[in-house]
Structure formats: structure tokens, C-alpha cells
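# Residue-level structure breakdown
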Amino acid sequence: MKRLTACCFTNRISKFLSHRKHKQSQPQQIMAGNNSGSSRSMATNVLLNHDFSGGLGSWHLNCCNGYVISAEAGSQGGISMVSDGNYAVITDRKECWQGLEQDITDRISVGSPYTVSACVGVSGLCQGSADVIATLKLEYRDKPTSYMFIGRTSVVKNSWEKLEGAFSLSTMPDRVIFYLEGPAPGVDLLIRLVEINPSSPNDNDTSTGCVSAGDGNIIINPQFEDGLNNWSGRGCKIMLHDSMGDGKIVPQSGKSFASATERTQSWNGIQQDITGRVQRKLAYEVTALVRIFGNNITTADVRATLWVQTPDSREQYIGIAHVQATDKDWVNLQGKFLLNGSPSKVVVYLEGPPPGTDILVNTLSIKHAAKSPPSTPPDVKNVSFGTNVIENSNLSDGTNGWFPLGNCTLGVKTGSPHIIPPLARDSLGPHELLSGRYILVTNRTQTWNGPAQTITDKLKLFLTYQVSAWVRIGSGSNGPQNVNVALGVDNQWVNGGQTEVSDDRWHEIGGSFRIEKQPSKVMVYVQGPAAGVDMMVAGLQIFPVDRHARFRYLKMQTDKIRKRDVILKFPGLDSSSYAKTSVQVRQIRNDFPIGSCISRTNIDNEDFVYFVVKHFNWAVFGNELKWYWTEPQQGNFNYKDADDLLNLCQKNNIELRGHCIFWDVDDTVQQWIKSLNKNDLMTAVQNRLTGLLTRYKGKFSHYDVNNEMLHGSFYQDRLGKDIRASMFKTANQLDSSATLFVNDYHVEDGCDTRSCPEKYIQHILDLQEQGAPVGGIGIQGHIDTPVGPIVCSALDKLGILGLPIWFTELDVSSVNEYVRADDLEVMLREALAHPAVEGIMLWGFWELFMSRDNAHLVNAEGDINEAGKRFLALKQEWLSHSHGQVNEQGQFNFRGFHGTYNVEIVTDTKKTSKTLVLDKGDSPLVVSIDL
């Protein structure tokens, strides 16, 4: 097979790109960026004959021809480039990947960083620019060849440009080949000087003697210095301005800006075709200065979007960034994107404001995204875990330290509980009793009125704080009342936990929060009941919680629940050989379901697929099975994306959850469904059930039947209460092999009274009373600051129903990768340690392809971050291994996690291997192995 680069810069050759494989046993650590070449005095060039003083010696041509022009020769073969040294001409190129290469295997080391610098040009280019790429080819004996991008530069004819980049290898391939490639077929590649040097922090000498005119921006004419060249309107007109609005609007940068005007649709805007200038599997950062004008609109959402067409004519719309723009000032629009596949066409455009409103853009830039600096573990030295930051919490000094938020009155009374609320007690352990005093809040005129304290200086960044309190309401309320412990962090509301109160009993509030950006002011306050309703607050505690302290207990629980004893017997083995017979047991697969969300675009990235196949045994589709995806317009069906994902999972023995048949939240329902009358809607619902479950009968082990019924009621409002149970009944009739789930969010974190465990339990019981065959409980798990006892309490409550519980969409988020790793470890350990939990699905793991920012385990270009490393470490912890000799009873005993094992027995005369499957069971599994 011909070797093809992952990037192609003309539409003519895009069809070849799918042939190139990039599988790696582990992601290579790539340090990409605009690093300058190393100083010659400080480092030795890895490349031989780097200046072509020896002709093309040590270099090899890739299915093309080449020669060297000396500095004295001047113009030759129609090529005339000013140069003070020799340069190579690579000609007769029929493919974009053809170029010049050199084997550097024996001259580089694992873990060492290298900088790459080359002076390159092109000849035979009719117009525009061409891209030259530096790449490493990594060859292995035992796995497919992979390719590592190093750097890229855009070149125009008759000029030299500097190509720069850097790399470091985390493992050593059997063969490493460096090569230069990229321009379209028929364009000659010129190379004047190439260096690969070991890098050091002080390397800043641009030793190639080639000054680049570009800044890495792939947008042509980004500041409209060349008028509107290379720009066009997307369904509208575009115009160039030096000012607008009677001179009140002027460019912030440069001399001009553009407007997208006469817009009749929200998707109309200004666009540029960037086909051939973006490379797959590279992260790009988009920045733009934008604002809006006209139509009496003062603020509107402006979005940057990619329109991508694949070689098989599939269309994709990729949201990159959005910002709330105004008609007063220029604002910065910023975001990132990555293309998994090899597109045949790529267009970037701005859209979003209502029709009639102009979009103004001053600059737009797309550059290879710089790598984020590594996180450092939070400083937990001198942290007093479990110490309450609330002043005068026991009210022994009246209301000193407290103040009324808003127009209300604070007083102190007695008669509240002396015991600490259970969720706090589980975190704090043995603790002194509460005082029995409480704050009585009267004369409340707003829902946000209540007792408050300023705690700015008492909080530390990146610590997780647990919140605990007893609350109660006075008489006179009209229905259930929400009571919430809230934090005002620089005037932003942060939820510290809430509960619903409908009687005169004391209720526990349990929640948590974390602050990750230094605030100027933090205020905690208790709020929620309607105006005029008195509120009582007792024993408010906010304390940093040591989440690791619980892990030892969770490990013991996991050992009890997820492991089983095994007795290996060896009939026929002579007793004299017992001590000389060794047994080695290695678990090769843990059967506990751990899966991930995947999407159709993801599987165009072979590195993504490799991670999924290696580390997950279940999968769920992000959108591709949802009704709005499979039938966006009535009668216009799209099952191809779901079929592609299904085929991948079946090929790799990955079990599937079906998410979801219906979604009860109004905003997720397609417009054509909303427009149906009751009879037609009922018919559409029946057709959806029949079409989906008949097509995929037996293919999905689970279905989320009607997603988020605690947060929406679209179908029930229009078709009546019975429709929900009817959906379950019909689904079961159509595919009785699938377990049918309810699925909802904020069940486990104490921050949403609509979906607290008690409400969820009643919801499930109501469905079952109507005959719905509910077979499982889905807890989505989009959680912010997980605290073990709070999560466990929710699981305990739901566990009384006797149904399997799955975390169906788990993700955690923190800008600090170590904190994110802790969040994930809390959730995974709590799940594995709870007997009611039977599976965990992550809601993605790859940067830029998750619904939440700062939630990824793998960075956009394939590097596993600290959260990902923690995940893989836990996966290893949950594999059991054992070795030793046969005992005096002729047995070998061990205790291991449920799953598949490889057992190897070595005697004096032979070696025997056996595969063993350890299923769940209360009694030891006895296995006889005939030697």
C-alpha cells in the first residue's frame, strides 16, 4: 500500500487519506509549537547532510525525483530562488505525500525533546500558497505504522519560509523516519536547510537562516488588509468598512473590518474556505474580534462554526465557539476544534444573530492550538479537613458573625436537633453534638432573604467543601418550599445544596462546592421559601472534606462485592510434585461494565477507536440514536451514523446501551413533532418505537426509554399520563431482550429537588403501578464536586427498589487535572463499592468531544492527562493477579475480580495454560485442571 500523509492539500487526493493508519500502543507525547531551531553551538544536528553539501547523500526520495542546486549555479531548470547555500529540488511529485526522507532511528532517544527547523519553498505553484509539513513515520514490528505531525508552514512561490516544530517520543519504535511532504501534485518542493537538534530551555537561535513571514494563521487575509479577497457571504452580502455608525464604530485592530449584511437567516454570515489548510487530528484555536449592528438588537449570540464535507458527501456542522456580542464594543470570540477524519471541503463561518442584524468582524485567526501547561496538584498542606469555616455556627454568641440578606429579621431560638446531619456525620466521623439553637428568619419579603456570612478569606482554591445544615419552614406556606444553601461568588450563584420542605419537620441539606478561580468576595446565605414564609436554620457547616480518607473503606467494600474465591485443583498431580509446581494467574478482562459515549465523527480517528477498544467493554451513542438525529424531518430517516457505530462495536465485542428512544424535555423535540396534533403525534410515537426497535432488535442490551422525565413532560402533556408507561410496554413487546431504563440527572448530588432520590423512587413506583416494565435505574452522573457520602446516600435510597443502577453519562469537570482525577476516582470507587450499581458509562473522554469543558481524560491530540492516567490506574487495580506453588492439599487458592483469567501451570515436565471465567457467586468457584 502507498504511504499516505494524514493531511492532503487538494481535493483531488482526499480520497486516498482513509488508507493511512495511525494506531499506536499509547499516544506519543508531542510537544508541538513554534519552537525555534537549536543553537549549533549547543546541540548536534541529528540529520546527516542537512545542508545538501553532499548532494542528496543520506536522503531518500519517496516515489519522485530530485536533485540539488548549488549556491553558485543560480537559476536551473526554470527554478530561480535566491539562496546563499545549496538546496534540494523534489520534482515529478504525483501525490501530496511524496517528498524527501531520512532514517534517524539510531540518532534519537526516548524521552528527549527535539526541535525541528527547515527552510522550505515551492516551485510550479500557479497561485495562492502551499503547505509543507514535517512528519515522523513510526514503524513497529508488532503493530501498525503510525505517523506523528511535527510542524507545518504555508509557502508562496519565489520565497523561502521557515518550518518549525518539536517532538519527543514516549516509546521507541523499531524504525523512525523523518520526512518533508505536503504540496499538491505537480508542485516542486524546495528544501534549503534542515535541522533536528536536541532542545534545551535556552534554545532560541534561528539557525536555519530562514525568516518566516507567517504567524501560523491559516486564514488568508485575516484583517481585511486585502479587502474582501478570500472571503464570501454565506447566504448574504459582505461589505468592507473603515467605519460605521457615523464614525462611532472603528476597527480595534488594523484599518478595516467586514460586515455580513442583508441577513435573512440566523445561519447567514461571513465565511472562508479553508480546505487543504487544516490537518486531521490536530487541534486548532479560533480567535476573532466581533460585534453586531442594526435592527435595534443590542446583544446577540455570535457563533463560529465549521461546515465539513467528507469524501462520501456526508455533511457535518461543528460548533467551535460562541460569545455574547453587543452593539457597543468589540468582543473576543475564542474556541478550539479538531477534525477526526479527512475532509474533502472545510468552511469556517460566523453566524447566530437574528435576521436583519449585521455581524461585524475585525480579525479572524485559526492557528494550531498551543498545548495547555500541565496542572500541578493542589496544595493541601496545612489544610484542616473537617473544620467548619462558618463563624458562630452554634449561635452561642447570638447572631454575631451573621447578617440578614435583604429585608428580613434574624433571631435565635432553641429546639433544633442536637445530632449532626447524617451526610456530614459520615464525612466527619465522631463529632460533638450541635447546640440545639437555630436562626429564625422572619419578615421575609423576597425568596432570597435569609441569614448570611462573608467567608472570602476562609476558602482555599481547588479544595472540595461539604455543606451541611438542618432547615425547617414556618406555617403559612402554600405548597412545598425549596430551601437552598447558596454562595455568591463575585455575584455568581453557586449551589451548595437544597431540599424540598412541605411539613414542619427538620430536613437535612447536604451538598458541596469548589472554587477554582480566586474570587474577590464569597458570601454564603440560606434562601428559597416564598416571601412571607419563616425559615429556620441550624448547625450550618461548611468544611473541606478529605475525600481520599474514604478510599480504604471503599476498597474493602469493593473486595467483598466484586471478588470471589477460587480453588484450583489438579487431579492426577503426584503429591511429591506439589511444591515443585508453580501457578501463575493473570486476569485479562474484568467483566464489570465500564463504557463510554462515542459519536460517529469520533470513529474516523483511529487513535480514538484504539482507546475505546482497549479500555471499554460497553458503549453508548452520544446523539446518533436520538429521534432528532434519526428523523430530523418527518419521513427523512438517518440510520447510517448509528449503523456505522453499531458495526464498530459488534466487530470489537462491545455491548451497547440504546440512548434514547424518546426525550421528554421540550427543547430537545424536533419542530415537526411539536406541530403534530394529538392523533398524529400518537401515530408518530408508535412509528418511532416500531421503526427503531424492529430495526435494532437484539442489538442493544439497554434502552433509555424516555429520557429525563423528572425534568420534562412534553409527551405526557400532549398525550396524557398513560403515555409514559405505554412507551415502556410497547418497547418491551418489540424487543423483550433489552432492559428498559429510566434516566435522569442531579439524582446523586443533593443540588436539585426535582430529581432527588425520593422523587425518583416515587416516579419509578408510579410507572410500575401502571404496568411499565422498568428494568433499571439510570443516574446520569453529570456531577460537579462529588463527595462520597452524598453519592452513597443516594445509591442506598434507590437501592431499596431492587433494580440495577447504572451511572449512564458520568463526567466530572475541573480545570486542574489532578482535581478532575480525584473527582473521577470518587465516583468510580463509590460505584464499584455499592452492590446496587451494575455498570458505569462515561459521557466521553476525548477533549473537544465532550458536552462539558475540562472534563476530558485524553487531550485533543491524544495525550493522556492526569485524569486519564488515574482512570487507567484504577482499571489496573481492578485486575487480579496471583502466583505461587500448589499447596499441601494439591490446590492453589486465590481471590479475584469477576472476569476472564489466564492460568499457567508449570511442572517439572510441562507447561499448561487454561482460560478461566470467574462469574459472580457467593461460594468459591472450584475448578479442576487435568495436567
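Since we're looking at a predicted model, the values are computed, not measured.

Next up on the list: the side chain of Arg852. Relative to the elements of secondary structure, Arg852 occurs in the loop between strand 40 (837–842) and helix 13 (866–877). Here the side chain of Arg852 touches Ile783 through a polar contact of 3.1 Å, landing on its backbone oxygen. If sequence neighbours within four positions are ignored, Arg852 has contacts with His782, Ile783, Asp784, Asp811, Val812 and Ser813.

This next bit is on the confidence of the model for the protein. As a note on interpretation, predicted positions should not be read in detail where pLDDT is low. Mean pLDDT over the protein works out to 91, with 92% of the residues at or above the 70 mark. Across residues 1–42, where pLDDT falls below 50, the model places 151 contacts with residues more than four positions away in sequence or in other chains. Low pLDDT, under 50, characterises residues 201–209; the predicted model gives this stretch 25 contacts beyond four residues in sequence or across chains.

What follows covers the packing of helix 2 (residues 551–562) against helix 12 (residues 817–832). For the pair helix 2 and helix 12, interaxial distance at closest approach is 8 Å and the crossing angle is 40 degrees. Seen along the crossing, helix 2 lies across helix 12 with a hand that is left-handed. Here helix 2 contributes Phe551, Leu554, Lys555, Thr558 and Arg562 to the contact with helix 12, which in turn contributes Glu825, Val826, Arg829, Glu830, Ala831 and Leu832. Residues belonging to the contact of helix 2 with helix 12 are distributed by class as follows: five nonpolar, one polar and five charged.

It is worth spelling out empty space enclosed by the protein at this point. Summed over all chains, the structure comprises four cavities of 30 Å³ or more. Here the second largest cavity defines a volume of roughly 70 Å³. Along the walls of the second largest cavity sit Lys626, Trp627, Tyr628, Cys660, Ile661, Phe662, Trp663, Thr668, Val669, Gln670 and Tyr715, which together make up its complete lining. Here the lining of the second largest cavity gets four residues from one element, more than from any other, and that element is strand 35 (residues 655–663).

Once that is clear, we can look at the sheet that holds strand 24 (residues 450–454). Read from one edge of the open sheet, five strands run 21-24-29-26-27, paired in antiparallel fashion. Strands with a single pairing partner mark the edges of an open sheet, and in this sheet they are strand 21 (403–405) and strand 27 (492–501). Taken pair by pair, the neighbouring strands of this sheet meet at an average axis angle of 25 degrees, ignoring direction. Two strands pair when backbone bridges link them, and strand 26 (residues 481–489) and strand 27 are joined in this way by eight bridges, in the antiparallel orientation. Across the sheet, the residue bridging to Leu487 is Val494, located in strand 27.

Cut-off values and rules
Residues numbered from 1 in each chain as written. Predicted model: local features only at pLDDT ≥ 70, side-chain atom pairs only at ≥ 80, totals over all residues. Heavy atoms only, no water. Helix = DSSP H or I, 4+ residues; strand = E, 2+ residues; numbered from the N terminus. Polar contact = N/O pair within 3.5 Å; in protein donor to acceptor, adjacent residues only side chain to side chain. Contact = heavy atoms within 4.5 Å. pLDDT = per-residue confidence, 0-100. Axes fitted to C-alpha atoms, helices over the stretch in contact; angles between N-to-C directions. Left-handed = near helix turned anticlockwise from the far one by under 90°. Nonpolar A, V, L, I, M, F, W, Y, C, P; charged D, E, K, R; others polar. 1 Å grid on protein atoms, 1.4 Å probe; cavity = no way out; pocket = protein on both sides within 12 Å on 5 of 7 lines; lining within 4 Å. Points joined across faces, edges and corners; volume = space filled by probe spheres on them. Pairing = 2+ DSSP bridges.

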